[in-house]
Amino acid sequence: MRPLIFPVVIWLAALIPASAQDAADAELIGELMAFHGSQAIVSVMTTHCYETTGLDPAYKAASDNWYLRNIGFLDLADRVIARLGGGAEGQQQAAETYGGSQIMSAYNQAADKDGFCRAFFEQVDGGTLDIDKQLPEALEKAQAIAAK
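Residues numbered from 1 in each chain as written. Predicted model: local features only at pLDDT ≥ 70, side-chain atom pairs only at ≥ 80, totals over all residues. Heavy atoms only, no water.

## A closer look at the overall build of the protein
We apply this condition: The helix and strand labels rest on DSSP assignments: H or I over at least four residues marks a helix, E over at least two residues marks a strand, and numbering proceeds from the N terminus. Three labels apply to residues, based on accessible area from a 1.4 Å probe with only protein chains included: buried if under 20% of the type maximum, exposed if over 50%, partly exposed otherwise in between. Contacts are residue-level and defined by heavy atoms, with any inter-residue pair within 4.5 Å sufficient. The protein chains shown are the only cover counted for residues, whose accessible areas, like all others here, come from Shrake-Rupley with a 1.4 Å probe.
What the protein contains, in helices and strands, is six helices and zero strands. Going from N to C terminus, the protein has its helices and strands arranged as α-α-α-α-α-α. Within the protein, the fraction of its 148 residues that count as buried is 30%. Restricting to contacts in the protein with at least 6 residues of sequence separation, those with at least 24 account for 79%. Surface exposure of the protein reaches about 8900 Å², of which carbon and sulfur atoms provide 59%.

## Here we look at the state of the cysteines
Two cysteines, two sulfur atoms, one covalent bond between them: this is a disulfide. Using the following cut-off: Cysteine sulfurs are considered disulfide-paired once they come within 2.5 Å of each other.
For the structure on display, the rule yields one disulfide. Each sulfur of the disulfide joining C49 and C117 lies 2.0 Å from the other. Because the sign of the S-S torsion sets the handedness, a value of about -85° for the bond joining C49 and C117 places this disulfide among the left-handed ones. One end of the pair, C49, is in helix α1 (residues 2-52); the other, C117, is in helix α4 (residues 113-126), and 68 residues separate them in sequence. Summarising the burial analysis for this pair, C49 and C117 share the class buried.

## A word on the nonpolar core
Note the following rule: To define a nonpolar core, start from buried Ala, Val, Leu, Ile, Met, Phe, Trp, Tyr and Cys residues and group those joined through side-chain atoms within 4.5 Å.
The biggest cluster of nonpolar side chains holds 31 residues, and the ones touching the most others in it are L32, F35, M45, W66, V80 and V124. Mapped onto this core, the elements with two or more residues apiece are α1, α2 (57-83), α3 (91-109), α4 and α6 (136-147). It is α2 that provides the largest number of residues to this core, a total of nine residues. Among all residues touching V80, those that are not within four sequence positions of it are L28, L32, A142, I145 and A146.

## Focus: the confidence of the model for the protein
As a reminder, the rule being used: Residue-level confidence of the predictor, termed pLDDT, takes values from 0 up to 100.
Residues at a pLDDT of 70 or more form 84% of the protein, whose mean pLDDT is 87. Of all the helices and strands in the protein, α1 carries the lowest mean pLDDT, 73, while α2 carries the highest, 97. Within the model, the stretch residues 1-20 combines pLDDT values under 50 with zero contacts to residues more than four positions away or in other chains.

## Some thoughts on α6
Residues three or four positions apart in an α-helix share a direction because the helix packs 3.6 residues into each turn. To keep it simple, the criterion reads: A helix is expected to span 1.5 Å for every residue after the first. Arc definition: it is the arc formed by the directions from the helix axis to the C-beta atoms.
Helix length check: α6, at 12 residues, gives a terminal C-alpha distance of 16 Å against a target of 16 Å (1.5 Å per residue), a fit within 8%. Looking at α6, one finds that the buried residues are A138, L139, A142 and I145. Down the axis of α6, the buried side of the element spans an arc of 125°, and every buried residue falls inside it. Opposite the buried face of α6, by more than 90 degrees, sit the exposed residues E137, E140 and A147.

The structure is reproduced here in structure tokens:
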């Protein structure tokens, strides 16, 4: 009986790091999906504010500039997600839907809708909502994986 226990223990020990690594990978994939959620937040809210402010072109410009500043981070997230085995089906769409619904919920609850749009514009335009500012730890992990 003892000779059988040793190989089983070795086999189980080999599984523990793999399981822990799989869990860590799944967690990081979720964090990287948040990059797409951030993109949805910026896209949804700048579009909404653009339309409700009488088509103020500053909102479109802020959104376009946010995208240009963050496209490298979004591409990095996608590459690292693929390297880690990919996300679950529909996970990116869920992150985008969640981000968009959360910002619209915040907007709908705001007492001063115009003030909300102006404050949001300032954050987007000023870079406060950039991925490297909002999700620096996940970005750092992704960069470390990509550098390997």
